[in-house]
2 protein chains.
Amino acid sequence: MADIATVVDDYIAVWNEADPVRRQELIARTWADDGTYLDPLMRGEDPEQIGAMVGAAQAQFPGHRFELTAGPDHHNDVVRFTWTLVAVDTGAPAAVGVDFATVAEDGRLRAVTGFLEPAATAA
Amino acid sequence: MADIATVVDDYIAVWNEADPVRRQELIARTWADDGTYLDPLMRGEDPEQIGAMVGAAQAQFPGHRFELTAGPDHHNDVVRFTWTLVAVDTGAPAAVGVDFATVAEDGRLRAVTGFLEPAATAA
């Protein structure tokens, strides 16, 4: 059973991992085999789609990295946490979001759903 | 197809409805027939359990009512919103929570998951 805090740390690491092979390894540690991701802009229906989706997101925000900025807040088989996308050089936030996920029996994430905070929140 | 803003308004009304019969009618409008509720303190696996659960919650907070304080924020088949439990006479907040839900094809809520904000948030 993976510890939820470790899984969420690995989840953030997925979004920051530029190497596709290492990213896919992190995805396998983070998501259940039938895991999914869905937010207002992107979706991934399996580990390969999730990996490609994260790569595309990274290409849109060069020089930025994701940081865990609240949580994880976990009860029963659900968890939520807040992330901030920041510029590596200045630390300026470019986006803030809240992710909600169901947790599989082995502790990995199953269905991850992301919401974006209004832009003013990130200013 | 029920409008999501109306469904969420009805959802808040469920939590404020003291009459068990009217509450159950609101629950039927709000939740899909296989709808559920889960938070750190309570769960309801069907409409009857949800109704009894809400009645028990009301009994714990006499003189209070729920208000929608952020959202609904809706994309794809998911929605999130923030509620505040306030004292009717003073408006003082007693609790703040974020609810996340999946939305059934007819627009009603299916699986509602609640999270409670730290107490300091409500102060």
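None of the values given here were measured: they were computed from a predicted structure.

S.K.: Please set out the sheet that holds strand β3 (residues 64–75) of chain A residue by residue, giving values where relevant.
M.R.: All names here are of chain A. If you trace the 6 strands from one edge of the open sheet to the other, you get β2-β1-β6-β5-β4-β3, paired in mixed fashion. Two strands lie at the open edges of the sheet, namely β2 (43–44) and β3, each paired on one side alone. Pairing of strand β1 (residues 31–38) with β2, which is carried by 2 bridges, proceeds in the antiparallel orientation. Bridge pairing in β2 places tyrosine 37 opposite glycine 44. Here helix α2 (residues 20–30) sits on the sheet and contacts β1 and β6 (109–116); the angle it forms with β1, its principal contact strand, is near 100 degrees. Docked against the sheet, helix α3 (residues 47–60) engages β1 and β2, running at close to 45 degrees with respect to β1.

S.K.: Describe the confidence of the model for chain A, with residues and values.
M.R.: Of all residues in chain A, 97% have pLDDT values of 70 or greater, and the mean over the chain is 95. Here the predicted complex scores 0.93 on pTM and 0.91 on ipTM.

S.K.: Give a description of the interface of chain B and chain A that names residues and reports values.
M.R.: Between chain B and chain A, the residue contacts involve 18 residues of the former and 18 residues of the latter. Buried area between chain B and chain A, both sides added, is near 1400 Å², and the carbon and sulfur share of it is 63%. Per-residue buried area on chain B facing chain A is highest for B:His75, B:Arg80 and B:Phe115; these three make up 45% of the total on that side. When the shortest N-O distance is used, the salt bridge between A:Glu117 and B:Arg80 registers 3.1 Å. At the boundary of chain B with chain A, the tally comes to 10 residue pairs in polar contact (both at pLDDT 80 or more).

S.K.: Which residues make up the relation of the copies chain B and chain A, and what are the values?
M.R.: For the pair chain B and chain A, the relating rotation is 180 degrees, the translation along its axis is 0.0 Å, and the fit reaches an RMSD of 0.0 Å. In the structure described here, the two chain copies are related by an operation that fits a two-fold rotation axis. Distance from the rotation axis, computed per C-alpha, reaches its smallest value in chain B at B:Phe100: 3.9 Å. Looking at chain B, 100% of its interface residues are interface residues in chain A too, so the copies touch through the same face.

S.K.: If you had to explain unusual backbone geometry to someone new, which residues and values would you point to?
M.R.: Residues and elements named next belong to chain A. In the segment running from glycine 71 into proline 72, the intervening peptide bond is cis, with an omega of 5 degrees. With respect to the element layout, proline 72 can be found in strand β3. At asparagine 76, a position not held by glycine, the phi torsion is positive, near 45 degrees.

S.K.: Help me get a handle on the side chain of A:Thr113, residues and values and all.
M.R.: On the secondary structure map, A:Thr113 appears in strand β6. Dropping the residues within four chain positions of it, A:Thr113 is found in contact with A:Leu38, A:Val98, A:Asp99, A:Phe100, B:His75, B:Val78 and B:Phe100.

S.K.: I'd like a description of the sheet that holds strand β2 (residues 43–44) of chain B, backed by residues and values.
M.R.: Residues and elements named next belong to chain B. Strands sit in the order β2-β1-β6-β5-β4-β3 across an open sheet of 6 strands; the sheet is mixed. Where the open sheet ends on each side, the last strands, each with one partner, are β2 and β3 (64–75). Where β3 and strand β4 (residues 78–87) come together, 9 bridges link them in antiparallel fashion. Residue arginine 65 lies in a different strand from β4, and its bridge partner there is valine 86. Packed onto the sheet, helix α2 (residues 20–30) meets β1 (31–38) and β6 (109–116) and runs at close to 100 degrees relative to β1. Against the sheet, helix α3 (residues 47–60) contacts β1 and β2, and its axis sits at roughly 45 degrees relative to β1.

S.K.: I'd like a rundown of the pattern of salt bridges, residues and numbers included.
M.R.: All names here are of chain B. Inspection of every chain in the model, using the stated rule, returns 16 salt bridges over all chains. For aspartate 33, the salt bridge is made with arginine 108, and the minimal N-O distance between the two is 3.3 Å. Taken together, the residues aspartate 33 in strand β1 and arginine 108 in the loop between β5 (93–103) and β6 connect sequence positions 75 residues apart. Given the relative accessible area of 16%, arginine 108 is considered buried.

Criteria and thresholds
Residues numbered from 1 in each chain as written. Chains lettered and ligands numbered in written order. Predicted model: local features only at pLDDT ≥ 70, side-chain atom pairs only at ≥ 80, totals over all residues. Heavy atoms only, no water. Pairing = 2+ DSSP bridges. Helix = DSSP H or I, 4+ residues; strand = E, 2+ residues; numbered from the N terminus. Contact = heavy atoms within 4.5 Å. Axes fitted to C-alpha atoms, helices over the stretch in contact; angles between N-to-C directions. pLDDT = per-residue confidence, 0-100. Buried area = accessible area lost by both parts, 1.4 Å probe. Salt bridge = Lys/Arg side-chain N within 4 Å of Asp/Glu carboxyl O. Polar contact = N/O pair within 3.5 Å; in protein donor to acceptor, adjacent residues only side chain to side chain. Least-squares fit on C-alpha atoms with pLDDT ≥ 70 in both. Buried < 20%, exposed > 50% of the residue type's maximum accessible area, 1.4 Å probe, protein only.

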